[in-house]
Amino acid sequence: MAPKAQKGKKPSGKKKPKPLPDTEEEEPLNMESMGHPEIYPLVLTTKTQEIFNCRIDEDVTDEVPYKLIKKEDIFEDLQNRAAVSDFHPVKKIVREYPGDELLLVYDKDFKYGLNFYLIATEEGKENYLNPPELPPEEQEENKELIPEDIYIYHPPLSKPWVSLGSEKEIEEESVKESTKQITYMISRKRNQFGAPITFSDQNASSAKDAYIECTAYPDKNFTLKKLEKDIGMQVIPHIKDISTQTRWTYPKNATTQYHAREFSEEEREKLGKSKSLIDFLKKVSTSVEIALQQNEIMNTFIEDWRCLAEEEGAFGDKTDTHLKEYQSFTDLHSTTEKKITCISWHPVIYGLIAVSVAVRLSFEDRVHLSGKLLLQPSLILFWSFSDPIHPQLMLESPEDIFCFQFCPTDPNIIAGGCINGQIVLWDITAHADRIENIKASGRSKKVALKPMFLLEPESNKESIFIRHCAVSSIESGHKKIITDIQWLPDTFEINRMGFVYENRNGICCQLATCSADCTICFWDIRPQKPLTPQPTEKKKEESIEIPFDVPSTFLHLDLSWKPLAKIKLSKGETSLDHCPTKISLTEDHLLYKTQDKILAQTKSLKAGETSPYHNLEGGMTDHLKPLEDFCTKFFVGTEEGEVIYTDWKLERDPDTGRFMTKKPVNLYTVHDGFVHTVQRSPFYNDIVLTIGGWNVAIWKEGVMTGPLLQSCCAPKMYTSGHWSLTRPGVFYIGREDGYIDIWDLLEKTHEPALSQNICITMITYIKPWTFSPKQQFIAIADYYGTLHILEIPWTLSHPSVNEIASVNYYFEREVKHLEYVEQRKIIRDQEKKEMDLEMEKKKVKTYQKSKEQAEAELKMEYESYLELEKTTLINLGLAKVTEKVSYMDLI
Amino acid sequence: MVEETLQRLQSQKGVQGIIVVNTEGIPIKSTMENSTTTQYANLMHNFILKARSTVREIDPQNDLTFLQIHSKKDEFMVAPDKVYFLIVIQNPTE
């Protein structure tokens, strides 16, 4: 009943919902979900409709929307059309249909989804066809919505719950716990609550199971593969954007050549004369002159502050002017007492210094002890800063060396002059590595602690004795001691006549020596072409065996070396000759630039395979270009204390036709003892310092009148001296009492600026050397054989800002002074002449007076005398005035 | 008269050259050789005009009376006028 009532309330037009009991259906879709399990919606195509005469709007209309179809018809259709038949889905229903005719209803509104539906039960059919009581009741109830009767409220009666299947739905939707929940109870002791908590860090991976990871991984179960994708597509016409640039050639100015506008000559002249120009110049010239003069008066743009600071950061104390002891070297192995005769710093290697030692004996003692002396080798010792006890190298020579020099172009060649007049050459190329890599060994520290005699057996570093390479010929060389030896610079060469040629070798290959036998010789280290063919037998006799370790660089020279040219310094008519002690040749480069040159050359030598000294060719002077206007004059200091300025070119003597040495250009006797230092200033090419005896003189080449500066006699004899290498006005002089005098021309010119004691005996040689702008050393050798190395302080080594110019100016002033003196001399001579003339004239005048005049004069004189007598007597009161008759009247 | 003035200026210490140019920068008189004169005249002309215009722009009542360019080696002095400019190059001996 209730369902019916429910159904009755459903609004429906023509369709009447039919309550029906539940029937389970299988395949066909029925309207169970809508509460009508007997209704089976169907699609009936037009063909089917024609067959069954249920065409829409013809057989089946709105009025009669149903059609009774026989069961057999359906079956027939099914058989005919099998699966195509529209009744195929409801085949089972039709078969099971109890009745004979099925009701097919046209579902115009598609209420059940399709356009027809089939009612599967008889009851349903009945109900449809005969909707008896209900519809009218329903209709009546619908019409009677406004009942006239009083609506009696019937409270709903509780009826037992009839399940209609909704519980299933609810059950499906509700959420229930599938498993029973586990409960844990965690407890803790009460006293542990509230305790201070300390957290610490822990690396999660270090402790086992400290963390559990759920790493993400692609699970195939949950990956969805998108099989379909909805994309919207639109068809558009193909559009393409293209742009191009046309090359527009337009004329563009590439270069412009212009000519400055100028006035023509006439226009210029016309303008030049115009009044406006004159007025303009008048107006303007004063201000311009003022400005010009202002500039000359003072430079307004000078930065005073900057000029005040002369040196940037002076190293060391500025007030410290003394030379500081750095190191001293003594040869402790020699038995006899030796003195140092010459010092030379190694031009390239830092801290290496060579000294030549000679025995400290007079000539007679030498003669007496000559046997003993022969056994001892004469040495040049190489000292290094790192080892004060052992010399690094020892060069042997047949006799005592009195002077030596490193070759400027190859520091491995050394030339020395001996006491007997021989020149000795060494080649230490083989040992160059040894001396280059001298390192301060740890042993040197021990040296300070242990006494010396304990070191002897431990010394594993032996000093090497290096034999000389070549010596000069005894007969044709010098006869007496060689006092000075110098390498000629590598820029020129000299031939036999003394003419100067250019030097193409690039190396120094010639030497100049002077000796006490009054000659100056020039030597060439290249093999000479023999002038006369020598018989071969003679050569065999002369060959001497050379030990193996001596390099054969100068083998061609050994014992047969003759000088290239000899100059005799004769004093003219007298037989006495000058004994040169030192020579100073013109140098065309300044000393402080040669160090760089040497470095450059040694580097280039290392790059090449063999040094040029090993491949010396014969001198081919005829192919070389002669150097014109080369100054071949040089200064010579002699034993007597004279300074000679002479020429080395040989000239042809008109009488004999032979080549003779020229007479000296100038000779000055300035010094009282032998001149031991003749040295050019490293800064000025023409300033020469000569030291000898008790005084010092500075000369300028070209000024013939005398020295620029000549000091007065010093209390002690000067025994050695040297210019400072960095300060143009400073030079060092060593005295015989072991003091060193430092002269500063800008400070005082009459006495040394500073005097310092170095040692107790005579200083024999001084040689300063610059290693770096901060370090400058001076090597001082004394008579007892000790070499002192001192450090030059900042003040003495660093020139002030304009020092070169100032010293130059001083020299110029001195030159002017000398000129002035000369001029004064001339003037004085003139004056003297004039005075003499005057005197002469006066004498002549007195003779010309005549006799009469003389008498008259006498008379006049006598008269004046009488007058005088009278007045005197009157004044004396010896004669009265009035009564006085002049004696003259009486007479 | 012109020559005397120029001579007097030239005899000052350190003066290297004197040029007289007109307002367009064309040299009228000079004590230096032609190429140097033209070069200096052209270069200085722009500078002078610029300097003058600067002064006058700041204050139109003002005008340039003297111009000196002091460089490391020389000093250029310019005395401008309505019609001509006088350029002097000096080498101060400091």
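Identification of chain B as Dynein light chain roadblock from Sciurus vulgaris is taken from an unreviewed UniProt entry. Regarding chain B, the relevant UniProt record gives this comment under Subcellular location (unreviewed entry): "Cytoplasm, Cytoskeleton". Its UniProt record gives chain B the following Function (unreviewed entry) comment, quoted word for word: "Acts as one of several non-catalytic accessory components of the cytoplasmic dynein 1 complex that are thought to be involved in linking dynein to cargos and to adapter proteins that regulate dynein function. Cytoplasmic dynein 1 acts as a motor for the intracellular retrograde motility of vesicles and organelles along microtubules."

Going by what an unreviewed UniProt entry lists, chain A is known as Dynein axonemal intermediate chain 3 and is assigned to Sciurus vulgaris. The annotation that UniProt attaches to chain A under Subcellular location (unreviewed entry) is "Cytoplasm".

Within chain B, the secondary structure is distributed over 2 helices and 5 strands. Its helices and strands taken in sequence order, chain B reads α-β-β-α-β-β-β from the N to the C terminus. When burial is assessed residue by residue, chain B has 47% of its 94 residues classed as buried. A separation of at least 24 residues holds for 38% of the contacts in chain B among residues at least 6 apart in sequence. Summed over all atoms, the accessible surface of chain B reaches about 5100 Å², with 50% contributed by carbon and sulfur.

Here we take up the packing of aromatic side chains. Residues and elements named next belong to chain A. Applying the stated criterion to the full structure yields 23 aromatic pairs over all chains. Measuring from centroid to centroid gives 4.8 Å for tryptophan 248 and tyrosine 250, while their planes differ by 35°, and the two rings are tilted. Looking at tryptophan 248, the relative accessible area reads 67%, which means it is exposed. Judged by its relative accessible area of 42%, tyrosine 250 falls in the partly exposed class. For the pair tyrosine 326 and phenylalanine 385, a centre-to-centre distance of 5.2 Å together with 50° between the ring planes defines the contact as tilted.

Turning to the confidence of the model for chain A, a few remarks are in order. All names here are of chain A. For chain A, the average pLDDT comes to 74, and 73% of its residues sit at 70 or higher. Per-element averaging of pLDDT across chain A places helix 16 (residues 536–542) at the bottom with 40 and strand 32 (residues 730–735) at the top with 89. Every residue in residues 588–611 is under pLDDT 50, and counting partners more than four places away or in other chains gives 33 contacts. Scored below 50 in pLDDT, residues 617–622 makes 9 contacts in the model with residues more than four places away or belonging to other chains.

As a further point, take the confidence of the model for chain B. A residue-level look at chain B finds 98% of positions with pLDDT of 70 or above and a mean pLDDT of 88. Confidence estimates for the predicted assembly give a pTM of 0.52 and an ipTM of 0.80.

On to helix 20 (residues 851–876) of chain A, then. Because an α-helix packs 3.6 residues into every turn, residues spaced three or four apart end up facing the same way. The end-to-end C-alpha distance of helix 20 of chain A is 37 Å, a good match for the 38 Å that 26 residues give at a rise of 1.5 Å each. In the segment just after helix 20 of chain A, Gly877(A) is the residue with positive phi, at about 85°.

Residue and element names in this part refer to chain A. Read across the open sheet, the 4 strands follow the order 15-18-19-20; overall the sheet is antiparallel. Every other strand in the sheet has two partners, leaving strand 15 (482–487) and strand 20 (563–568) as the edge strands with one partner each. Neighbour to neighbour, the strand axes of the sheet diverge by 15° on average, direction disregarded. Pairing of strand 15 with strand 18 (residues 510–515) involves 5 bridges; the strand directions are antiparallel. Bridging from a neighbouring strand, aspartate 484 pairs with cysteine 514 of strand 18.

Right, let's get into the pattern of salt bridges. Here the structure, examined in full by the defined rule, presents 16 salt bridges over all chains. Measuring nitrogen to oxygen at the nearest pair gives 3.8 Å for the salt bridge that ties Lys13(B) to Glu296(A). Taken together, the residues Lys13(B) in the loop between helix 1 (2–10) and strand 1 (15–22) and Glu296(A) in helix 9 (residues 275–297) connect one chain to another. Close ionic contact of Arg727(A) with Glu803(A) constitutes a salt bridge, the shortest N to O distance being 3.0 Å. With a gap of 76 residues between them, Arg727(A) in the loop between strand 31 (718–723) and strand 32 and Glu803(A) in helix 19 (residues 803–848) connect regions that are remote in the sequence. When salt bridges with common partners are traced through the structure, they connect Arg727(A), Asp744(A) and Glu803(A) into a single cluster.

Listed per partner, the contact involves 34 residues of chain B and 29 residues of chain A. When chain B packs against chain A, close to 2900 Å² is buried across both sides, 63% of that on carbon and sulfur atoms. Counting the contacts that link chain B with chain A gives 3 salt bridges. Here chain B and chain A share 5 residue pairs in polar contact (both at pLDDT 80 or more) between them. Among the secondary structure elements, those contributing two or more residues to the side of chain B that touches chain A are helix 1, strand 1, strand 2 (27–30), helix 2 (34–58), strand 3 (67–70), strand 4 (75–80) and strand 5 (84–90) of chain B. Top contributing element to the side of chain B that touches chain A by residue count: strand 5 of chain B, with 5 residues. The residue makeup of the side of chain B that touches chain A, split by class, is 16 nonpolar, 11 polar and 7 charged.

Viewed as axis vectors pointing N to C, helix 9 of chain A and helix 1 of chain B meet at an angle of 10°, and their least axial separation amounts to 10 Å. Looking at the two axes, helix 9 of chain A sits roughly parallel to helix 1 of chain B. Residues Leu277(A), Ile278(A), Leu281(A), Ser285(A), Val288(A), Glu289(A) and Leu292(A) of helix 9 of chain A touch helix 1 of chain B, and the partners they reach there are Val2(B), Thr5(B), Arg8(B) and Leu9(B). Here the contact of helix 9 of chain A with helix 1 of chain B is composed, by residue class, of 7 nonpolar, 2 polar and 2 charged.

Next up on the list: the nonpolar core. A general tendency of soluble globular proteins is for nonpolar side chains to be buried together. Ranked by internal contacts, the top residues of the largest apolar core, which has 22 residues, are Ile698(A), Phe731(A) and Phe811(A). By residue number, the principal contributor to this core is helix 19 of chain A, which donates 5 residues. In terms of nonpolar packing, the next biggest core, distinct from the first, is built from 21 residues, Leu277(A), Phe280(A), Val15(B) and Val88(B) among them.

For the rest of this paragraph, the subject is the sheet that holds strand 5 of chain B. Residues and elements named next belong to chain B. Pairing in this open sheet of 5 strands is antiparallel, and the strands run 2-1-5-4-3 from one edge to the other. Two strands close off the open sheet at either side, each with one partner strand: strand 2 and strand 3. Put simply, the sheet's adjacent strands are angled 15° from each other on average, direction ignored. Pairing of strand 3 with strand 4, which is carried by 4 bridges, proceeds in the antiparallel orientation.

Definitions and cut-offs
Residues numbered from 1 in each chain as written. Chains lettered and ligands numbered in written order. Predicted model: local features only at pLDDT ≥ 70, side-chain atom pairs only at ≥ 80, totals over all residues. Heavy atoms only, no water. UniProt positions renumbered as here; feature names shortened; annotations may be inferred. Helix = DSSP H or I, 4+ residues; strand = E, 2+ residues; numbered from the N terminus. Buried < 20%, exposed > 50% of the residue type's maximum accessible area, 1.4 Å probe, protein only. Contact = heavy atoms within 4.5 Å. Areas by Shrake-Rupley, 256 points an atom, 1.4 Å probe, with all protein chains shown as cover. Phe/Tyr/Trp six-rings, centres within 6.5 Å; stacked < 30°, edge-to-face > 60°. pLDDT = per-residue confidence, 0-100. Expected span 1.5 Å × (residues − 1). Pairing = 2+ DSSP bridges. Axes fitted to C-alpha atoms, helices over the stretch in contact; angles between N-to-C directions. Salt bridge = Lys/Arg side-chain N within 4 Å of Asp/Glu carboxyl O. Buried area = accessible area lost by both parts, 1.4 Å probe. Polar contact = N/O pair within 3.5 Å; in protein donor to acceptor, adjacent residues only side chain to side chain. Nonpolar A, V, L, I, M, F, W, Y, C, P; charged D, E, K, R; others polar. Parallel < 35°, antiparallel > 145°, perpendicular 65-115°, else oblique. Core = buried A, V, L, I, M, F, W, Y, C linked by side-chain atoms within 4.5 Å.

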